[in-house]
Amino acid sequence: MSNILITGVGSYLPKKVISNNELPVNLDTNDEWIKKRTGIRQRHLVTEGELTSTMAIAAAKKALQNANIDNKDIDLIIVATTTPDKTFPATAVMVQSELNIGIGPAFDIQAVCAGFIYALNVGSSLLKTSNFSKALIIGSESFSKILDWSDRSTSVLFGDGAGAFILEKSNENSEWGILSSNFYSNGNFSDILHTDGGPSLNSQVGKVRMNGKEVFKHAVEKLSSCLIEAMYSANLKIQDIDFLVPHQANLRIIEALSKKLDIPINKIINTVDVHANTSAASIPLAFDNALENRKIKNGDIIALNAIGGGLSWGASIIKYGKPD
Ligand code: UT7
């Protein structure tokens, strides 16, 4: 049975940084509230010419370079996004064309903040069951474009950016790569985090609407349960985790996970303070940040988990990199 290695990681953040104090004054919010309730200090926001596709391409370039593989060797491209450049075609085909990757499947996945976990699951399953050997998995979001900038309960929470993983199939080293994963949705909770528009509903893009308190409760419970299940499937104990890279939505969720799962807080990567919530991009962005800061190293056991609109959620356990 082949296994799927993660051999390259890359990310991109828009240059424009907005601190809490620089948010529009009409929002009736303040730095103290945002920091205390969310841990967020700033967010990166796209400007003219920066699109979900251009950020995805920049993150992908870095991941390809990092994996030291040629663009032409990629067999499959998946972009997880809720904020594509256009309703169609998929953002993934723009990545394919711009990077000269050549003909092969390229498509988007829409599972909002859980999108990267979904893309990882779908991408690794496809590699295992086909003659493809390398996949480019991207999470890229311009979430600022679907925020209601007069709603302080949502607009202060999100940021823009992109991150990418290179997946490679291997018939050796079975103890490396994706060790276990799961993903779930429960559409009964679709109304607690959604947009109030879409092509078929009212031909609008729609703006983000959220019952934050309800989502918070589900987040702590479901992020914990899927992670425990993934650890069990990988035949590992919580103590075996070198780092948890959770979806970055709220520092209080991260702290609650630390307590509930008994994972020391210094083993949980936290970038919500500087990136805010970047939806499907948050896990690869945080992962790349932890690599740059020399926290995550080749061979580390890393847990990933995310939850978002749907509700959709899931977790993966990986042994990062490949044997030297
Ligand atoms: O990525 C998908 C997953 N998303 C999440 O996991 C988000 C989960 N939810 C959360 O992170 C939190 O629920 C929020 C950060 C969204 C909200 O925090 P909270 O502690 O649940 O606050 P709340 O919604 O209960 O609001 C408390 C108060 C309210 O005022 P009153 O009614 O007590 O007078 C709000 O109107 O805080 C007020 N408030 C604000 N005040 C200043 C809400 N937003 C703001 C704001 N600035 N930005």
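Look up: the structure comes first, before these words.
Everything numeric here is computed off the predicted structure, so don't read it as measured data. (Residues numbered from 1 in each chain as written. Predicted model: local features only at pLDDT ≥ 70, side-chain atom pairs only at ≥ 80, totals over all residues. Heavy atoms only, no water.)

Engineer: Report on the nonpolar core, specifying residues and quantitative values.
Structural biologist: One finds Phe143, Val208, Leu227, Leu244, Ile263 and Ile317 to be the most contacted residues of the largest nonpolar core, which totals 43 residues. For this core, the secondary-structure elements that each account for two or more residues are helix H7 (212-233), helix H8 (251-261), strand S12 (301-308) and strand S13 (312-319). Ranked by residues supplied to this core, first place goes to H7 with eight residues. Taken together, domain 1 (3-170) and domain 2 (177-319) each give at least three residues to this core, which thus spans both. If sequence neighbours within four positions are ignored, Leu244 has contacts with Leu227, Leu257, Ile263, Lys267, Ile268, Ile269, Ala303, Leu304 and Asn305. Counting residues in hydrophobic clusters, the runner-up holds 35 residues, among them Val9, Leu76, Phe116 and Ala280. (Core = buried A, V, L, I, M, F, W, Y, C linked by side-chain atoms within 4.5 Å. Buried < 20%, exposed > 50% of the residue type's maximum accessible area, 1.4 Å probe, protein only. Helix = DSSP H or I, 4+ residues; strand = E, 2+ residues; numbered from the N terminus. Domains from an automatic or database assignment. Contact = heavy atoms within 4.5 Å.)

Engineer: Can you explain the sheet that holds strand S11 (residues 243-246)? Please cite residues and give values.
Structural biologist: Picture the strands of a sheet paired through backbone hydrogen bonds; they go either parallel or antiparallel. Taking strand neighbours across the sheet as the criterion, the four strands line up as S8-S13-S12-S11 in an open arrangement whose pairing is mixed. Edge positions in the open sheet fall to strand S8 (177-185) and S11, since each of these has one partner strand only. In this sheet, neighbouring strand axes are inclined to one another by 10 degrees on average, regardless of whether the strands run parallel or antiparallel. Two elements, S12 and S13, share eight bridges in a ladder whose sense is antiparallel. In the strand pairing of S13, Ile302 is matched with Ile318. Docked against the sheet, helix H4 (residues 115-128) engages S8, S12 and S13, running at close to 120 degrees with respect to S8. (Pairing = 2+ DSSP bridges. Axes fitted to C-alpha atoms, helices over the stretch in contact; angles between N-to-C directions.)

Engineer: Could you give me a rundown of the packing of helix H2 (residues 52-67) against helix H3 (residues 91-98), with the residues and numbers involved?
Structural biologist: Put simply, H2 and H3 touch, their axes get as near as 9 Å, and they point 50 degrees apart. When the interaxial angle is binned, H2 and H3 end up oblique. With respect to the hand of their crossing, H2 and H3 are arranged in right-handed fashion. Residues Thr52, Ser53, Ala56 and Ile57 of H2 lie in contact with H3, whose contacting residues are Thr91, Met94, Val95 and Glu98. (Parallel < 35°, antiparallel > 145°, perpendicular 65-115°, else oblique. Left-handed = near helix turned anticlockwise from the far one by under 90°.)

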